[in-house]
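# Examination of the molecular architecture
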Amino acid sequence: DEHTLRVFDAATGDSAWHFTAGARIDAPPTIHEGAVIFGSANGRVYCLRAADGALGWRFDAAPRRRLIADCSRLESAWPVPGTVLIREGKCYCAAGRSSYLDGGIRFFILDPETGAVLDKRTICSRDPKTGKMKPTTSAQSMEGLLNDIPGTDGKNVYIRQMKVASGGGTGGVHLYTTGGYLDASWFNRTF
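The structure displayed is predicted, hence computed values, not measured ones.

What follows covers the overall build of the protein chain. Within the protein chain, the regular secondary structure consists of zero helices and 15 strands. For the protein chain, buried positions account for 41% of its 191 residues. Within the protein chain, contacts between residues at least 6 apart in sequence are counted, and of these 39% link residues at least 24 apart. Within the structure as shown, the protein chain displays about 10,800 Å² of accessible surface, and the carbon and sulfur contribution to it stands at 52%.

Glancing now at the pattern of salt bridges. Evaluated as defined, the whole model comprises ten salt bridges. For R24, the salt bridge goes to E75, with nearest N and O atoms at 2.4 Å. Of the two residues, R24 sits in the loop between β2 (15–20) and β3 (30–32) while E75 sits in strand β8 (residues 73–76), which places them 51 residues apart along the sequence. Taken individually, R24 and E75 each receive the classification buried, so the pair is uniform in this respect. Several salt bridges converge on common partners, so that one network encompasses R24, D70, R73, E75 and R97.

Turning our attention to the pairing of strand β7 (residues 67–70). Alignment of β7 against β8, held across four bridges, turns out to be antiparallel. Each bridged residue has a counterpart across the sheet, and for I68 the counterpart in β8 is E75. The turn joining β7 and β8, which pair antiparallel and follow one another in sequence, is formed by two residues; a positive phi near 55 degrees is taken by C71.

Attention shifts here to the sheet that holds strand β15 (residues 162–165). In spatial order, the strands read β13-β14-β15; together these three strands make up an open sheet with antiparallel pairing. Both outer strands of the open sheet, β13 (151–152) and β15, are each paired with one neighbouring strand and no more. Alignment of strand β14 (residues 157–159) against β15, held across three bridges, turns out to be antiparallel. What sits directly across from Y158, in β15, is K163.

According to the stated counting rule, one finds five aromatic pairs in the structure shown. Of the aromatic side chains, those joined through ring pairs into one cluster are F19, F38 and Y46.

Glancing now at unusual backbone geometry. The phi dihedral of S72 falls on the positive side, at around 65 degrees, and the residue is not glycine. Structurally, S72 is set in the loop between β7 and β8. Residue classification places S72 among the exposed positions, given a relative accessible area of 80%. Even without glycine at this site, R160 takes up a positive phi of about 50 degrees. Mapped onto the elements, R160 comes out in the loop between β14 and β15. Residue class for R160 comes out buried when judged on its relative accessible area of 15%.

This part is about the environment of G82. Within the secondary structure layout, G82 lies in the loop between β8 and β9 (85–87). In this structure, the C-alpha to C-alpha distance between G82 and Y46, residues 36 residues apart in sequence, is 9.6 Å. Dropping the residues within four chain positions of it, G82 is found in contact with I25, D26, A27, P28, P29, I37, F38 and G39.

The next subject is the nonpolar core. Among the nonpolar cores identified, the biggest contains 17 residues, and I37, V45, W57, F59, C93 and L110 are the most heavily contacted of them. For this core, the secondary structure elements donating two or more residues are β4 (35–39), β5 (44–49), β6 (55–60), β10 (90–95) and β11 (105–110). The biggest single contributor to this core is β10, with three residues. Beyond its immediate sequence surroundings of up to four residues, V45 is in contact with I37, F38, G39, W57, R58, F59, V80, V84, C93 and L110. Judged by nonpolar contacts, the second largest core, of twelve residues, contains L85, F107, I123 and I159.

Parameters and conventions
- Residues numbered from 1 in each chain as written.
- Predicted model: local features only at pLDDT ≥ 70, side-chain atom pairs only at ≥ 80, totals over all residues.
- Heavy atoms only, no water.
- Helix = DSSP H or I, 4+ residues; strand = E, 2+ residues; numbered from the N terminus.
- Buried < 20%, exposed > 50% of the residue type's maximum accessible area, 1.4 Å probe, protein only.
- Contact = heavy atoms within 4.5 Å.
- Areas by Shrake-Rupley, 256 points an atom, 1.4 Å probe, with all protein chains shown as cover.
- Salt bridge = Lys/Arg side-chain N within 4 Å of Asp/Glu carboxyl O.
- Pairing = 2+ DSSP bridges.
- Phe/Tyr/Trp six-rings, centres within 6.5 Å; stacked < 30°, edge-to-face > 60°.
- Core = buried A, V, L, I, M, F, W, Y, C linked by side-chain atoms within 4.5 Å.

Here is the structure:
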């Protein structure tokens, strides 16, 4: 909530360094080969040097700067969850709130060393003819996606129930929380 990532010395508990992002950081960062990589509600992904917090790179995942109010805070219309997924030398992250809002969710595969875009796509669930939600026969078959922390079954990458990147072959069991990793609810009424 303070927009700040704080790092402490494990042996002494003393503050080692801190970094202030442009908005809140809602989940722990990902540590990868001497780097600290994380998303922020300002629509950016940051990579810091783990030793001293120096900025390695910053990636604007939001398509443009547009702020909205969320719980009395200004945030990007396309926030990035704090935890990114690093798998086989690639960084997976997504910006947005829903595949039905603000043009959808922007999904990216980045080079964790440089922040360069390796692949990207937009997940948009609106009917291209009407601009509205596509008709469905049941709640279980409803298309659409809310953004969350990316996960993997060892082969494929998922955001909640949707496979967003394929590693080829058959993956393992895909487990996910129906309310999302970032939802603080004890239970919900989803299928």
